[in-house]
Amino acid sequence: MIRVDGKFSRGDAVVIRGPDAGEIGRGLVAYDAGDAAMIKGRSSADIPAYLGFAGRIEMVHRDDMVLGGE
């Protein structure tokens, strides 16, 4: 992940965009917007150091995602 836009909470449905900003899918996010911004681009092993708790490795797990654009 390289960018976080908008306000969302853990469990919300979010749009997933590719490098060209086109929609590539949607999914249920594992972190709220503030936490996502803090850990974006970092190693999953570093999540506890930045957030103070061990969360999921994936921002959106593949089981909680559907691919396909508008």
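What comes next is a walk through the structure. (Residues numbered from 1 in each chain as written. Predicted model: local features only at pLDDT ≥ 70, side-chain atom pairs only at ≥ 80, totals over all residues. Heavy atoms only, no water.)

As a further point, take the overall build of the protein chain. Looking only at helices and strands, the protein chain features 2 helices and 3 strands. Each helix and strand of the protein chain, ordered N terminal to C terminal, gives the series β-β-α-α-β. Each principal axis of the C-alpha atoms in the protein chain carries an extent, and together these give about 35 × 25 × 20 Å. For the protein chain, buried positions account for 26% of its 70 residues. Carbon together with sulfur atoms contributes 51% to the accessible area of the protein chain, which is approximately 5,000 Å² in total. Put simply, the protein chain has 9 plus and 11 minus side-chain charges, and the middle of one group is 3 Å from the middle of the other. (Helix = DSSP H or I, 4+ residues; strand = E, 2+ residues; numbered from the N terminus. Buried < 20%, exposed > 50% of the residue type's maximum accessible area, 1.4 Å probe, protein only. Areas by Shrake-Rupley, 256 points an atom, 1.4 Å probe, with all protein chains shown as cover. Lys, Arg positive; Asp, Glu negative; His and termini not counted. Charge placed at Lys NZ, Arg CZ, Asp CG, Glu CD.)

Don't take any of this as a statement about function, it's just geometry.
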